[in-house]
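# Coordinate inspection notes
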Amino acid sequence: MNGAVTERIENLAKLFKTAKLPYVIKKDMQAYLITHSVSDMALLSFLHSENKIIDIKTVRTRKTARKITVTLKAYLRAIQKAGVSIDPPMLKMVLKFPNFFLDLFFMAWLRTTMVSDMMLPDYVNIANNEIVQLRNDLIKFLSQESKTLFSQNRMLARKKV
């Protein structure tokens, strides 16, 4: 999980290539997993609110799309500030897009069959439990990283004196 290319990884890559399946060997797997987690948290957090499953009509509103947009941007900025590179790098564009365009994108996404399937009670409950755990892990990670960054900044300030 550290991005090292081992013999096993090379063999898997050959298998994917032989099967003509797309693949990418990630150099910074931790950055990829953190970025993936924050995007999941932003996209799935709309399923459950105040201990209730949200109805499909409420989910498909611009208000829900805006919540996803704002949450995703906030999470991406937070991990970037903590020194995590956003991976895949194309996701950095989310930070530059106006909220209005992202709202339109998410409003279209919220009307897909995939989202309808995700509204099933069993999925919602499992997803909510996972989102709660991921959010707790993110808060813990960010607090550790901010302490590390604070210590590094203090050390740099001392060196300048």
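Residues numbered from 1 in each chain as written. Predicted model: local features only at pLDDT ≥ 70, side-chain atom pairs only at ≥ 80, totals over all residues. Heavy atoms only, no water.

## A look at the packing of aromatic side chains
- Enumeration over the complete set of coordinates arrives at four aromatic pairs.
- Centroid distance Phe-16 to Tyr-23: 6.2 Å. Interplanar angle 25°. Geometry classified as stacked.
- What makes Phe-16 partly exposed here is its relative accessible area of 36%.
- Plain terms: the ring middles of Phe-46 and Trp-109 are 5.8 Å apart, the flat faces sit at 85° to each other, and that makes the pair edge-to-face. Of this pair, Phe-46 sits in the loop between helix H2 (29–44) and strand S1 (48–49) while Trp-109 sits in helix H6 (residues 99–110), and the two are 63 residues apart along the sequence.
- Here Trp-109 falls in the buried class, since its relative accessible area comes to 15%. (Phe/Tyr/Trp six-rings, centres within 6.5 Å; stacked < 30°, edge-to-face > 60°. Buried < 20%, exposed > 50% of the residue type's maximum accessible area, 1.4 Å probe, protein only. Helix = DSSP H or I, 4+ residues; strand = E, 2+ residues; numbered from the N terminus.)

## Examining helix H4 (residues 62–81)
- Taking 1.5 Å as the rise per residue, H4 with 20 residues should run 28 Å; its terminal C-alpha atoms sit 28 Å apart, in good agreement.
- Buried within H4 are the following residues: Thr-64, Ala-65, Ile-68, Thr-69, Leu-72, Lys-73, Tyr-75, Leu-76 and Ile-79. Seen along its axis, H4 keeps its buried residues to an arc of 165°; they face one direction. Residues Lys-63 and Lys-81 are exposed on H4 and point more than 90 degrees away from its buried face.
- Phi for Gly-83, located one or two positions after H4, is positive at around 95°. (Expected span 1.5 Å × (residues − 1). Arc of directions from axis to C-beta.)

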